[in-house]
Amino acid sequence: MAAVGNPGPRVNDCVTKVALSISCENLLDMDVFSKSDPMCVLHMSTTGSHWVEVGRTETIQNCLSPKFSKTFVIDYYFEMVQKMRFEVYDIDSEIGSLQDADFLGQLDCTLGQIVSARRLTKPLVQKDSRPAGKGTMTILAEERTDSRVVEFEVAGRKLDKKDFFGKSDPFLEFYRATETGWQMAHRTEVVKYNVNPVWRPFRIPMQALCGGDVEKSIKIDCYDYNSSGSHNLIGSFQTTLCQIQQASQTFAAEFECINSKKKQKKKGYKNSGIIIIKHCKTVKEYTFLDYIFGGCQINFTIAIDFTGSNGDPNSPQSLHYINPHGYNEYLSAIWAVGNVIQDYDSDKMFPVFGFGARIPPTWQVSHEFPINFNPSNPFCEGIEGVVQAYQQCLPQVKLYGPTNFSPIINHVAHFGRQAMQQETASQYFVLLIITDGVITDMDDTRSAIVNASSLPMSIIIVGVGGADFSAMEFLDGDDGNLRSATGQAAMRDIVQFVPFRQFQNAGTAALAQSVLAELPDQVASFFNLFHLKPPSETSPP
């Protein structure tokens, strides 16, 4: 679930959270030997013509009529026109990059139109407004007034063998009963080659699962995954949240998976396996603002790229060249992002480090030096202090290399690890890296990010200049696929990458909005995952 907000309106403006569920029909088929692999990307605009990406669904393999499990949770401001653009792509790369993806169509509307219609279906169009074949998109809107979520731990036992070589690749889909039929609430991951699967723990918003009514019917389907997109139904059952919770109070709740077609054909049919719900608990899910108002401190660290690929600072072609107006892309990025982040940092004291330069007096290359050259006190006072320290540091260092991210990531992760001793959500760390995009220690950086993904920490990368930023897109694992070089998966997506030049003419507000789009959800989801409450539970002013 991607939770996003608009930094423009004030906190106490009239706001409602709205969950948007997306499905499509009859998408264009762009693949030669199979069907398209669609993913939906949501962009929003509240000022002028500049669009900001606020979230992506999962990718569904080989499917022309996908029902996406991942929802977008949006702050709806009644008094604002919130323009929305839903773009559908056929994803061809493992990392979910849009650079190699085929465009399947888009739908433009406002959030107000979706909310008033409740269920909006429109044809998809190409970028030039021609019809995108017969493709349509349906957006279902639901107000989120219930902050409760239901935690699940689920396994299977002796599921039917559907595959030719005697195993299945099972996954589950949860549906809630509505007036118009069954509405998907959640889809688990696929567990490969296993008829006794154990799925990763997951959470479903109570409103999505049963509309807040514990007696409302829930349907759970178990499928055998096929890469062709034609999944085989193993079995299904219906229950209620009340029944699950009562049955799982003392022991695991067990439900027979029934395949109705098989039951009709086969005499003596018992079931197609057992679904075991080992844990089912309703908990309150806190929002980003709950944590901020409750006293959570967000600590920002800034890291600046002083490597040779930026060019000689004395040359007007250099990204570090400060022109007569006192401007360069690094300074502009620091001002734009810093002015937003300092509102959430209580003491406005920022530790700022450089990397990739030879520094005095030994002129050894350093990958984490304080730009004020004071290791015992690397803090700068406010964004003005950061800018001043940068301007004073630049003529004192020699730009060199290589471009190593992992030392500074591990530096901040050290403080995140210490904060894991906290009993409440009192500290969260954000590392802002401003770089020209050429990265040397990719394997070490991937490992550092994967390790940091289990800590109260996020990484924001702002790319300056016009280099190839595909490596940064790879680190920004919006599809959840980032793994270390040894194959260890990140616990969650903690990296947000933004190319600065796309925002040069859009104003600092648009840049800040895009840079910080994922941070509120990253903060809230981490603390909820570890069951950490705000230091003090106070109501918003």
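Before reading on, note that the structure itself is shown above.
Residues numbered from 1 in each chain as written. Predicted model: local features only at pLDDT ≥ 70, side-chain atom pairs only at ≥ 80, totals over all residues. Heavy atoms only, no water.

Visitor: When you look at the side chain of Ser21 in this model, what are you seeing that I'm missing?
Guide: Its location among the elements puts Ser21 in strand 2 (residues 16-25). By relative accessible area, which is 15% here, Ser21 ends up buried. For Ser21, the contacting residues outside a window of four places in its chain are Thr71, Thr138, Ile139, Leu140 and Gln183. (Helix = DSSP H or I, 4+ residues; strand = E, 2+ residues; numbered from the N terminus. Buried < 20%, exposed > 50% of the residue type's maximum accessible area, 1.4 Å probe, protein only. Contact = heavy atoms within 4.5 Å.)

Visitor: Can you walk me through the state of the cysteines in this structure?
Guide: Put plainly, two cysteines are in a disulfide when a covalent bond ties their sulfur atoms together. All told, the structure shown has 0 disulfides when counted by the stated rule. Cysteine Cys393 is unpaired, with the sulfur of Cys380 as its nearest cysteine sulfur at 9.7 Å. (Disulfide = S-S within 2.5 Å.)

Visitor: Explain the pairing of strand 18 (residues 297-305) here, please?
Guide: Strand residues, when the strand is regular, have side chains that alternate between the two faces of the sheet. The element strand 18 is extensively covered by neighbouring structure, given that 7 of its 9 residues are classed as buried. Pairing geometry for strand 18 and strand 25 (residues 427-435), over 8 bridges, is parallel. Counted as the bridge partner of Ile302 is Leu432 from strand 25. Summarising the sheet, strand 18 and strand 19 (residues 349-355) pair through 4 bridges and their orientation is parallel. Paired with Ile302 across the bridge in strand 19 is Val352. (Pairing = 2+ DSSP bridges.)

Visitor: Could you clarify how one ought to interpret helix 12 (residues 519-529) in this entry?
Guide: Since there are 3.6 residues in each turn of an α-helix, residues three or four apart along the chain are aligned in direction. Along helix 12, the residues classified as buried are Leu519, Gln522, Val523, Ala524, Phe526, Phe527 and Asn528. Looking at the residues trailing helix 12, positive phi occurs at His531, about 55 degrees.

Visitor: It is not clear to me how the packing of aromatic side chains should be interpreted in this structure. Could you clarify?
Guide: Remark: the centre distance and the inter-plane angle together describe each pair of aromatic rings, the angle taken between the planes. This structure, assessed with the given rule, holds 17 aromatic pairs. Taking the centre distance of 5.5 Å and the plane angle of 75 degrees together, the rings of Phe526 and Phe527 count as edge-to-face. The pair Phe526 / Phe527 is uniform in exposure class, with both members buried. The rings of Tyr286, Tyr291, Tyr428, Phe526, Phe527 and Phe530 are connected pair by pair, giving a single aromatic cluster. Directly above the ring of Phe103 sits Lys127, whose terminal nitrogen or CZ lies 4.5 Å from the centroid. When the ring centre of Tyr400 is taken as reference, the NZ or CZ atom of Arg358 above it lies at 3.9 Å. (Phe/Tyr/Trp six-rings, centres within 6.5 Å; stacked < 30°, edge-to-face > 60°. Lys NZ or Arg CZ within 6 Å of the ring centre and 35° of its normal.)

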